[in-house]
Amino acid sequence: MPVSDTLGRPLRNLRISVTDRCNLRCQYCMPEEEYVWLPREDILHFEEIGALVDVFAELGVEKLRLTGGEPLLRRGLPTLVRLLAAKPKIRDLAMTTNGVVLAEHARDLFDAGLHRVTVSLDTLRPERFKALTRRDSHAKVLDGIDATVGAGFKGLKLDTVVMRGINDDELVDLVEYGKRVGAEVRFIEYMDVGGATLWSMDRVVSRTAILEQLARRYGRIEPVIEESSAPADRFLLADGTVFGIISSTTAPFCRSCDRSRLTADGVWYLCLYAKEGMDLRGPLRRGASKEELKARIVPTWQQRRDRGAEERLAVANRTPLVQIGELRKDPHLEMHTRGG
Ligand code: SAM
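Along each chain, numbering runs from 1 in the same order as the chain's sequence is written. A pLDDT threshold of at least 70 governs which residues receive local features in this predicted model, and a stricter bar of 80 or more applies before side-chain atom pairs are shown or counted, although totals over entire chains, interfaces and linings include all residues. To obtain the side-chain values, all non-hydrogen atoms of the structure were included, while hydrogens and water were left out.

Thoughts on the overall build of the protein
In this text, helices come from DSSP runs of H or I with a minimum length of four residues, and strands from runs of E with a minimum of two, each type numbered from the N-terminal end. For the protein, the count of helices and strands is 12 helices and 12 strands. Using C-alpha atoms as the atom set, the radius of gyration is obtained and then compared with a globule rule of 2.2 Å times the number of residues to the power 0.38. In summary, the protein has a C-alpha radius of gyration of 19 Å against a globular reference of 20 Å for 340 residues, a match within 12%. For the protein, the spread of C-alpha atoms along the three principal axes comes to 60 × 50 × 45 Å. Any pair of residues with heavy atoms lying within 4.5 Å of one another is described as a contacting pair. In the protein, of all internal contacts separated by at least 6 residues, the share reaching a separation of at least 24 is 74%. When the accessible surface of the protein is split by element, carbon and sulfur atoms take 50% of a total near 14,600 Å². Residues counted as positive are Lys and Arg, residues counted as negative are Asp and Glu, and His and the chain ends are not counted. Just so you know, the charge point we use is NZ for Lys, CZ for Arg, CG for Asp and CD for Glu. Taken together, the 52 basic and 50 acidic charged side chains of the protein have centroids lying 1 Å from each other. Here, Shrake-Rupley sampling with a 1.4 Å probe gives the accessible areas, and only protein chains in the shown set may cover a residue.

The structure is reproduced here in structure tokens:
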């Protein structure tokens, strides 16, 4: 029997952060100069991730996404991919990456059995990339995208966080670039998640504004009608191009959210906005059996009421979710620890 929460949302989709480290410093995610990192000895070994995935898979999880931090900074990632791809209950194994070192790894990841790749790409302009990420690696990201296609991956997605005055003049260019490389572009509303200490509503470009801008260039835009728990609403242009919008800030989709998140040190979060998570590393390292782990996970999911993004919507005068002092005290509150 699949395990469902109080809103009938199944435990189906697990995002696994394999490291809290990142090789970019995107303004919307890691804007500070200094960070508090997870202790190295707490980082789950691949076998430990595999053991937890076995437990989750028996409870209904069939979709996994490797993320971070930057997942490709985790040494030997194809080994983990091979281990997870071999699990019969896992029918979708994806990864979200910033693409900087993807060209070096795309072939190995494909051969190891990774099904799908999403690359974060916020701009097509190298200088803008440098200003936004504080690193000069734009060309490497584009090489990574080419290498992904070359390695044989199908269903490539490109995720763009849209910010007013930063990259909101590039929506059409990104759609056109997506067409050229055969990728589906998904525009993400800038979210006030932990770590986004520079967030302000003025910088958010809403789904409505994104659609208006694209309609000015492409004319009629049709919604793609589909039953899905995926975060993006998908849209169709007259020439058959499909793109997505993830409108977590202005039109959240909590009611169909089947995602939970495991941090690199084994803390399980039921919502991107949750303040507290459940430590699974401790029991696992103390030798807890599968049944004991299930006995922790099942009631927690069954009692899940989280609607983090919807609750944020109800807040008047929204400011960043977590203040810098709290983030320093508990890096688990950071998006780059929790995995986007
Ligand atoms: N390093 C990988 C990458 O860049 O794709 C994976 C981790 S990153 C935290 C995952 C996703 O979260 C990225 O697509 C990133 O753009 C998104 N993200 C981070 N902070 C965000 C924010 N404040 N609002 C919206 N999306 C955000």
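Resuming the write-up.
Remarks on the site of the ligand
In the neighbourhood of the ligand, 19 residues make up the surrounding shell, with Tyr28, Gly69, Thr96, Ser120 and Met191 lying closest. Here Glu70 contributes a side-chain N or O atom positioned 3.1 Å from a nitrogen atom of the ligand. Contacts described as polar in this section are N or O atom pairs within 3.5 Å, which, within protein, must combine one atom able to donate a hydrogen with one able to accept it, while residues neighboring in sequence count only if both atoms come from side chains. In the model, a nitrogen atom of the ligand is placed 2.9 Å from a nitrogen or oxygen of the Met191 main chain. In isolation the ligand exposes 550 Å². Once the protein is present, 95% of that is buried. Those elements that provide at least two residues to the shell around the ligand are strand 3 (92-97) and strand 6 (184-189). The classification used treats Ala, Val, Leu, Ile, Met, Phe, Trp, Tyr, Cys and Pro as nonpolar, Asp, Glu, Lys and Arg as charged, and all other residues, Gly among them, as polar. Within the shell around the ligand, the residues separate by chemical class into 9 nonpolar, 8 polar and 2 charged. In this text, near means that some heavy atom of the residue lies within 4 Å of the molecule or strand in question.

Side note on the side chain of Asp92
Mapped onto the elements, Asp92 comes out in strand 3. Look at Asp92 and you get buried, because its relative accessible area is 9%. Asp92 has contacts with Glu62, Lys63, Leu64, His115 and Arg116, leaving out every residue within four places of it along the chain. Whether a residue is buried, partly exposed or exposed follows from its accessible area with a 1.4 Å probe, protein chains only, as a fraction of its type maximum: under 20%, in between, or over 50%, in that order.

Let's talk about the pairing of strand 4 (residues 116-120)
As judged from the 4 bridges shared by strand 3 and strand 4, these two strands associate in the parallel manner. Paired with Ala94 across the bridge in strand 4 is Arg116. Since strand 3 and strand 4 lie parallel, the crossover through helix 3 (residues 102-112) that links them has a hand, and here it is right-handed. Sheet topology places strand 4 next to strand 5 (residues 157-162); 3 bridges connect them, and they run parallel. The residue of strand 5 that forms the bridge with Ser120 is Asp159. Strands are treated as partners if at least two bridges between them are detected by DSSP. A right-handed crossover is one whose linking path, passing over the helix from the first strand to the second, runs clockwise when the strands point away from the viewer.

Thoughts on unusual backbone geometry
In this structure, Arg134 takes a positive phi of about 60° despite not being glycine. Here Arg134 shows up in the loop between helix 4 (126-133) and helix 5 (138-151). Of note in the backbone geometry, Asn317 takes a positive phi value of approximately 50° without being a glycine. Looking at where Asn317 falls in the secondary structure, it is placed in the loop between helix 10 (308-313) and helix 11 (324-329). Among the residues examined, Asn317 registers a relative accessible area of 74% and is labelled exposed.

As for the packing of aromatic side chains
We call Phe, Tyr and Trp rings a pair once their centres come within 6.5 Å, taking the six-membered ring for Trp, and we label the pair stacked below 30 degrees between planes, edge-to-face above 60, and tilted otherwise. Tallied over the full model, the rule gives 6 aromatic pairs. Ring geometry for Tyr35 versus Trp37: centroids 5.9 Å apart, planes at 45°, classification tilted. The class of Tyr35 is buried, set by a relative accessible area of 12%. Aromatic rings pair up to connect Phe56, Trp268 and Trp301 into one cluster.

Some remarks on the environment of Val193
On the secondary structure map, Val193 appears in the loop between strand 6 and helix 7 (207-218). Separated by 115 residues in sequence, Val193 and Gly308 place their C-alpha atoms 9.8 Å apart. Sequence-distant contacts of Val193, that is, excluding residues within four places in its chain, are made with Leu272, Tyr273, Leu321 and Met335.

Comments concerning the pairing of strand 3
Across the 6 residues that make up strand 3, a large majority, 6, are buried. Burial along strand 3 is two-sided: the face carrying Asp92, Ala94 and Thr96 and the face carrying Leu93, Met95 and Thr97 are both buried. By the bridge criterion, 4 bridges tie strand 2 (residues 63-67) to strand 3 in an arrangement that is parallel. In the strand pairing of strand 3, Leu64 is matched with Leu93. You can see the chain leave strand 2, run along helix 2 (residues 77-85) and come back into strand 3, and the turn it takes is right-handed.

Some thoughts on the pattern of salt bridges
In a structure, side chains of opposite charge can pair up when their charged atoms sit close to one another. A side-chain nitrogen of Lys or Arg and a carboxyl oxygen of Asp or Glu constitute a salt bridge if their distance falls within 4 Å. Applying the stated criterion to the full structure yields 33 salt bridges. Between Asp92 and Arg116 there is a salt bridge; the shortest N-O distance is 2.7 Å. Here Arg116 lies in strand 4 and Asp92 lies in strand 3, a separation of 24 residues in the sequence. Between Lys179 and Asp239 there is a salt bridge, with the nearest N and O atoms lying 2.7 Å from each other. Separated by 60 residues along the polypeptide, Lys179 in helix 6 (residues 171-181) and Asp239 in the loop between strand 8 (233-237) and strand 9 (242-246) bring together distant segments of the chain.

Remarks on the packing of helix 3 against helix 5
Angles run from 0 to 180 degrees between N-to-C directions of axes, and those axes are lines fitted to C-alpha atoms, restricted for helices to the stretch in contact. For the pair helix 3 and helix 5, interaxial distance at closest approach is 8 Å and the crossing angle is 20°. Classified by the interaxial angle, the pair formed by helix 3 and helix 5 is roughly parallel. Helix 3 and helix 5 meet at a crossing whose hand is right-handed. Together, Leu102, Ala103, Ala106, Arg107 and Phe110 of helix 3 and Asp143, Gly144, Ala147, Thr148, Gly150 and Ala151 of helix 5 make up the contact between the two elements. Taken together, the residues of the contact of helix 3 with helix 5 sort by class into 6 nonpolar, 3 polar and 2 charged. Roughly parallel covers angles under 35 degrees, roughly antiparallel covers those over 145, roughly perpendicular covers 65 to 115, and oblique covers all other angles. Note: crossing handedness is left-handed where the near helix turns anticlockwise from the far helix by less than a right angle, and right-handed where it turns clockwise.

Everything listed here is a matter of geometry and, on its own, says nothing about what the molecule does.
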